[in-house]
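What the coordinates show
Below are the chains, spelled out letter by letter.
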Amino acid sequence: MTDLIIRTEGRAGRLTLNRPKALNALTHEQCLQTEAALIAWRDDPAVDLVILDATGERAFCSGGDIAQVAAAGRDGDFAMGRDFWRDEYRMNALLAEYPKPIVSFMQGFVMGGGVGYGCHVRHRIVGESTQMAMPECGIGLIPDVGGTWLLGQAPGHLGVYLALTAARMGAGDAIAAGFADHFIPEAEWETVKQRLIETGDVATLPAHPTPEAPLSAQIDQINHLFSGASLPEIITALEAEDTPLAAAALKAIRRNSPLSMASTLAMLRPAPASLAEALRQEFRWTWRSMDKGDFLEGVRAQIIDKDRNPQWQHPAPDAVSDSDVAAMLAPLGADDL
């Protein structure tokens, strides 16, 4: 069984993630295959558009397949992860700047690497089951794959809230936050895809009302709570507020890597000026994530041992210094993206 089904049908190039048992977690090989297919179709007159989708109902893509990267890192091999991230980010940039329309259909879990795969394209479809999030701070990473670009474009302080808490967005919030464009009921998806295949025309995408966006309804509260210039300031604001949103946010922040959160805040304030700048900055951080960050410990606690008790480098958010963050984001010289 191939992990990525690559074919042309009618007027469309089609890429289907096909690891449903792994919630379509994205592998290094899939990134390289995606890049090669897109380059091959770029100047092919028979291909008018590209469709991205995935098999299985539970996930479009639950993130990058990081277990192998972490295993290599624990053995002192940091090159595997660095090569994966470099090629993945290059693919993210290609998806974003592709000259032909790309349409992504994102059901179920769309997290981390799944956001990078489906949310930089021109036509981003979500449905009733969509659950989108950037949960990287919980495993000692930062929102990458261009995540800081998307989060930085979200209204008000919503991007900071999403990054620090890993809060999940349904279809309505994904559209309101700028991570998606169209809601289409999932029962219609196959018909919609067939029309795209036959016509090669994105004008055939149907219009539907956008569902409710619960987070957007709380944007004033989010802006108030997440306007602080530093992580300790945000925590102080959350501790002073007796609401379900503040309590849930505080619980998430206390669980996450302090270094990851402080670095993420620095990457979002100011927000990156472009996707290219975001990816370059993210790569500097992920390059150092295994030997200088909390990534290996985060993966151990959440995915390998599942004890949910990570021992982060910094015991609390106020223990992270500006120089700690600056060291993670410093240029890499010849290794820069």
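Residues numbered from 1 in each chain as written. Predicted model: local features only at pLDDT ≥ 70, side-chain atom pairs only at ≥ 80, totals over all residues. Heavy atoms only, no water.

1. What to know about the overall build of the protein chain
Condition: Numbering goes from the N terminus for both helices and strands, where a helix is a DSSP run of H or I of at least four residues and a strand is a run of E of at least two. Only C-alpha atoms enter the radius of gyration; for comparison, a globular chain is expected to reach 2.2 Å times N to the power 0.38, where N is the number of residues. Areas reported here follow the Shrake-Rupley algorithm with a probe of radius 1.4 Å; residue values treat only the protein chains shown as occluding. Asp and Glu count as negative and Lys and Arg as positive, but His and the ends of the chain are not part of the count. A charge is said to be at NZ when it belongs to Lys, at CZ for Arg, at CG for Asp and at CD for Glu.
Scanning the protein chain from terminus to terminus reveals 16 helices and nine strands. Compactness check: the protein chain gives a C-alpha radius of gyration of 19 Å against a globular reference of 20 Å for 337 residues, within 12% of the reference. For the protein chain, the exposed area adds up to about 13500 Å²; of that, 52% sits on carbon and sulfur atoms. Where the 28 positive side-chain charges of the protein chain centre and where its 44 negative ones centre are 3 Å apart.

2. Side note on unusual backbone geometry
Where we set the bar: Working definition: with a 1.4 Å probe on protein chains only, accessible area under 20% of the residue-type maximum means buried, over 50% means exposed, and in between means partly exposed.
The step from Arg 269 to Pro 270 runs through a cis peptide bond, and the omega angle for that step is 0°. Within the secondary structure, Pro 270 sits in the loop between α13 (258-268) and α14 (275-288). Phi is positive for Lys 306, close to 55°, though the residue is something other than glycine. As for its placement among the helices and strands, Lys 306 is situated in the loop between α15 (295-304) and α16 (322-329). Among the residues examined, Lys 306 registers a relative accessible area of 52% and is labelled exposed.

3. Comments concerning the packing of aromatic side chains
Put simply, the rule is: Here a Phe, Tyr or Trp ring, Trp counted by its six-membered ring, pairs with any other such ring whose centre lies within 6.5 Å, and the pair is stacked when the planes are under 30 degrees apart, edge-to-face when over 60, and tilted otherwise.
On inspection of all chains with the given rule, the structure shows six aromatic pairs. Ring plane angle 85° and centroid distance 6.0 Å describe the contact between Tyr 89 and Phe 283, whose orientation is recorded as edge-to-face. Note that Tyr 89 is positioned in helix α3 (residues 79-97) and Phe 283 in helix α14, a separation of 194 residues in sequence. Judged by its relative accessible area of 0%, Phe 283 is buried. With centroids separated by 5.3 Å and ring planes inclined at 80°, the aromatic side chains of Tyr 161 and Phe 226 adopt a geometry described as edge-to-face. Highlighted residues: Tyr 161 in helix α6 (residues 158-165) and Phe 226 in the loop between α10 (219-225) and α11 (231-239), separated in sequence by 65 residues. When its relative accessible area of 0% is taken as the criterion, Phe 226 is described as buried. One aromatic cluster in this structure is built from Tyr 89, Phe 283 and Trp 287.

4. Some points on α11
What counts, and what does not: In this description, one arc is meant: the one made by directions from the helix axis to the C-beta atoms. Whether two residues are in contact is decided by their heavy atoms: any pair within 4.5 Å suffices.
Listed as buried for α11 are Leu 231, Ile 234, Ile 235 and Leu 238. Relative to the axis of α11, the buried residues are bounded by an arc of 100° and lie together on one face. Turning to α11, the residues buried within the fold contact α6, α10, α12 (244-255) and α13.

5. Notes on the sheet that holds strand β6 (residues 109-111)
In plain terms, the rule: Between any two strands, at least two bridges found by DSSP are needed for them to pair. In this analysis an axis means a line fitted to C-alpha atoms, helices contributing only their contacting stretch, and an angle means the value between N-to-C directions, from 0 to 180 degrees.
The parallel open sheet is built from three strands, whose spatial order is β4-β6-β8. Two strands in the sheet have a free side with no partner beyond their single neighbour: β4 (59-61) and β8 (131-133). Between one strand and the next, the sheet's axes are offset by a mean angle of 15°, whatever the strand orientation. Looking at chain direction, β6 and β8 are connected through three bridges and run parallel. The residue bridging Met 111 from the neighbouring strand is Ala 133, located in β8.

6. A closer look at the pairing of strand β3 (residues 49-54)
What counts, and what does not: Crossover handedness is defined here as right-handed if the route from the first strand over the helix to the second strand goes clockwise, with the strands pointing away from the viewer.
Within β3, six of the six residues are buried, which leaves it mostly tucked inside the rest of the structure. With six bridges connecting them, strand β2 (residues 12-17) and β3 associate as parallel partners. The partner of Leu 15 across the bridge, within β3, is Leu 52. Handedness of the β2-helix α1 (residues 28-42)-β3 crossover: right-handed.

7. Things to note about the pairing of strand β5 (residues 102-106)
The buried count for β5 comes to five of five residues, which makes it a mostly enclosed element. As paired strands, β3 and β5 are joined by three bridges and run parallel to one another. Pairing of Val 50 across the sheet is with Ile 102, part of β5. With four bridges joining them, β5 and strand β7 (residues 123-126) adopt parallel strand pairing. Considered in β7, the bridge of Val 103 is made with His 123.

8. Section: the sheet that holds β3
Strand order in this open sheet of six strands is β1-β2-β3-β5-β7-β9, and the pairing throughout is mixed. Taken across any chain shown, the strands that pair with only one partner, and hence form the sheet edges, are β1 (4-9) and β9 (182-183). Contacts from α1 reach β1, β2, β3 and β5 within the one sheet, and its direction differs from that of β1 by about 15°.

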